[in-house]
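The residues making up each chain are set out below.
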Amino acid sequence: MKIVEVRHPLVQHKLGKLRDVGTDPVLFRQLASEIAAMLAYEATREMPVETRSVPTWAGPLDVAHVRAEKVTLVPILRAGLGFLPGVQAMLPAAAVSVIGLRRNEATHQPETYYERLADNMGERTAILIDPMLATGGSALAAIDMLKAAGCRQVKCLFLVAAPEGLRALEAAHPDIEVYVAAVDERLNEDAYILPGLGDAGDRLFGTP
Ligand code: U5P
């Protein structure tokens, strides 16, 4: 499994601000989106590019063109929504497939409550979006769904990942790619990432 930890100074600076408990939801959403855009930039480096002829002031010219219909963005509800705008800033025309997963706080296992995928999933690269990879349960369930729908290439964007989650993804899906701003230390007994960000959904949406 390809894991890219984006050590860019701006990503790390913004992540540092996210870690500050005093960062309110308005700033948290803004910073999360900015980091998401930079992770998307890294994740799309090898994207196939076609050429198209455009009329320019100096006559027709072959220019680069990325086909939006080859990609789908897949936010995992709810926290993934807070991460989506930054990725959409980079890929504005990509169809959005939404997956709703709720973490059962007793078992820490994900439960699916919503699934609405784009058409022609077999033709698309899926870019899975969730701020946190903790046990990996949610991401594994989402990737299983995407592969069952025919996706052959899956790239995952996380703000922070725990080593436990990365190991679980690697074991089940060695063919995927993962882009993260940080790989943190470990999970606590409630399956929260240490040092992490706390509950990313709560911090994005201002819920207690
Ligand atoms: N989660 C957090 N903070 C953590 C750990 C988990 O917000 O420190 C939430 C995220 O919303 C994410 C989900 O969607 O739990 C991932 O958990 P898991 O399925 O990887 O264990």
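Bear in mind that the values here come from a model prediction, so they are computed numbers and not experimental data. (Residues numbered from 1 in each chain as written. Predicted model: local features only at pLDDT ≥ 70, side-chain atom pairs only at ≥ 80, totals over all residues. Heavy atoms only, no water.)

Peer 1: Explain the pairing of strand β11 (residues 177-183) to me, using residue names and the numbers behind them.
Peer 2: In terms of burial, β11 is a largely internal element, 6 of the 7 residues being buried. For strand β1 (residues 2-5) and β11, the ladder comprises 4 bridges, and the chain directions are parallel. The partner of E5 across the bridge, within β11, is V180. Across 6 bridges, the pairing between strand β10 (residues 153-161) and β11 is parallel. By the bridge assignment, A161 is partnered in β11 with V183. (Buried < 20%, exposed > 50% of the residue type's maximum accessible area, 1.4 Å probe, protein only. Helix = DSSP H or I, 4+ residues; strand = E, 2+ residues; numbered from the N terminus. Pairing = 2+ DSSP bridges.)

Peer 1: Can you explain the packing of helix α1 (residues 9-19) against helix α2 (residues 25-43)? Please cite residues and give values.
Peer 2: For any two helices packed against each other, the geometry is given by the interaxial angle and the distance between the axes. Relative to each other, α1 and α2 sit at 155 degrees, their axes nearing to 10 Å. In this view, α1 runs roughly antiparallel relative to α2, as classed from their interaxial angle. Of the two possible hands of crossing, α1 and α2 adopt the one that is left-handed. Mapping the contact onto sequence places L10, V11, K14, L15, K17 and L18 in α1 and F28, L31, A32, E34, I35 and M38 in α2. Here the contact of α1 with α2 is built from residues that sort into 9 nonpolar, no polar and 3 charged. (Axes fitted to C-alpha atoms, helices over the stretch in contact; angles between N-to-C directions. Parallel < 35°, antiparallel > 145°, perpendicular 65-115°, else oblique. Left-handed = near helix turned anticlockwise from the far one by under 90°. Contact = heavy atoms within 4.5 Å. Nonpolar A, V, L, I, M, F, W, Y, C, P; charged D, E, K, R; others polar.)

Peer 1: Hey, could you go over the site of the ligand for me, with residue numbers and the actual values?
Peer 2: Lining the immediate environment of the ligand, one finds 16 residues, of which T135, S138, I193, G198 and A200 sit closest. Contact between the ligand and T135: an oxygen atom at 2.5 Å from a side-chain N or O atom of the residue. Taking I193, its main chain carries an N or O atom lying 2.8 Å from an oxygen atom of the ligand. Burial of the ligand by the surrounding chains reaches 92%, relative to a free accessible area of 460 Å². Those elements giving two or more residues to the shell around the ligand turn out to be β9 (132-133) and α4 (137-148). Grouping the constituent residues of the shell around the ligand by class yields 8 nonpolar, 5 polar and 3 charged. (Near = heavy atom within 4 Å. Polar contact = N/O pair within 3.5 Å; in protein donor to acceptor, adjacent residues only side chain to side chain. Areas by Shrake-Rupley, 256 points an atom, 1.4 Å probe, with all protein chains shown as cover.)

Peer 1: Tell me about the packing of aromatic side chains, residues and numbers included.
Peer 2: To describe a pair of aromatic rings, one takes the distance between the centres and the angle between the planes. Enumeration over the complete set of coordinates arrives at 0 aromatic pairs. Of note, R102 hangs over the ring of Y113, and the distance from its end group to the ring centre comes to 4.4 Å. (Phe/Tyr/Trp six-rings, centres within 6.5 Å; stacked < 30°, edge-to-face > 60°. Lys NZ or Arg CZ within 6 Å of the ring centre and 35° of its normal.)

Peer 1: Outline the pattern of salt bridges, listing residues and values.
Peer 2: Side chains bearing opposite charge may pair, as long as their charged atoms lie close to each other. Under the counting rule described, the total for this entry stands at 10 salt bridges. Linking R45 and E42 is a salt bridge whose minimum nitrogen-to-oxygen distance equals 3.0 Å. Accessibility expressed as a relative area gives 52% for R45, which makes it exposed. Ionic pairing is found between E177 and K155, a salt bridge with its closest N-O pair at 3.4 Å. You can see E177 sitting in strand β11 and its partner K155 sitting in strand β10, a full 22 residues away along the chain. Of the two residues examined, E177 and K155, each falls in the buried class. Through salt bridges with shared partners, a single ionic network connects E50, R67 and E69. (Salt bridge = Lys/Arg side-chain N within 4 Å of Asp/Glu carboxyl O.)

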